[in-house]
Amino acid sequence: MDFAILTEHILHKSELLFGVDRFETISEFEKRVSDYPKERISMLNYFKSLGYNFKNEKELVSFVKFISTLNNNWGMSVASLSEYTGSFLFDY
């Protein structure tokens, strides 16, 4: 799974776990992740089972912020993120 798809999957899974239709901002996502330990643990375990072993919620949130910054602020397209995922993966 490339980083753009993984980020979308993290946000979608979080919306389901936290019972929200859509996160308006990454800050809202970050607040929910930090405020709900049971759901947070469930989410971390879910992604660990897929092979994405985030150490804790801070690493998960940092990853989502990083990809969102690349996409929204730096103008990297989803296609570019997908193309360079392999390069990022070895440095992340």
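Residues numbered from 1 in each chain as written. Predicted model: local features only at pLDDT ≥ 70, side-chain atom pairs only at ≥ 80, totals over all residues. Heavy atoms only, no water.

K.L.:
I would appreciate a short explanation of the overall build of the chain in the present structure.
P.N.:
A tally of regular secondary structure across the chain gives five helices and zero strands. Put simply, the chain runs from its N terminus to its C terminus through helices and strands in the order α-α-α-α-α. The C-alpha radius of gyration of the chain comes to 13 Å, within 12% of the 12 Å expected for a compact globule of 92 residues. Seen along its three principal axes, the alpha-carbon backbone of the chain occupies a region of about 35 × 25 × 20 Å. Out of the 92 residues belonging to the chain, those deemed buried represent 32%. Here the analysis covers contacts within the chain between residues at least 6 apart in sequence; of these, 53% occur between residues at least 24 apart. Just so you have it, the chain exposes about 5,900 Å², and 52% of that area is on carbon and sulfur atoms. Computed over 10 positive and 13 negative side-chain charges, the separation of the two mean positions in the chain equals 8 Å. (Helix = DSSP H or I, 4+ residues; strand = E, 2+ residues; numbered from the N terminus. Rg over C-alpha atoms; globule rule 2.2 N^0.38 Å. Buried < 20%, exposed > 50% of the residue type's maximum accessible area, 1.4 Å probe, protein only. Contact = heavy atoms within 4.5 Å. Areas by Shrake-Rupley, 256 points an atom, 1.4 Å probe, with all protein chains shown as cover. Lys, Arg positive; Asp, Glu negative; His and termini not counted. Charge placed at Lys NZ, Arg CZ, Asp CG, Glu CD.)

K.L.:
Explain the packing of aromatic side chains here, please?
P.N.:
How two aromatic rings sit relative to each other is set out by the distance from centre to centre and by the angle between their planes. Enumeration over the complete set of coordinates arrives at six aromatic pairs. An aromatic cluster is defined as three or more aromatic residues linked by ring pairs; in this entry it consists of F18, F23, F29 and Y36. When the ring centre of Y46 is taken as origin, the NZ or CZ atom of K13, which lies over that ring, is 4.2 Å away. (Phe/Tyr/Trp six-rings, centres within 6.5 Å; stacked < 30°, edge-to-face > 60°. Lys NZ or Arg CZ within 6 Å of the ring centre and 35° of its normal.)

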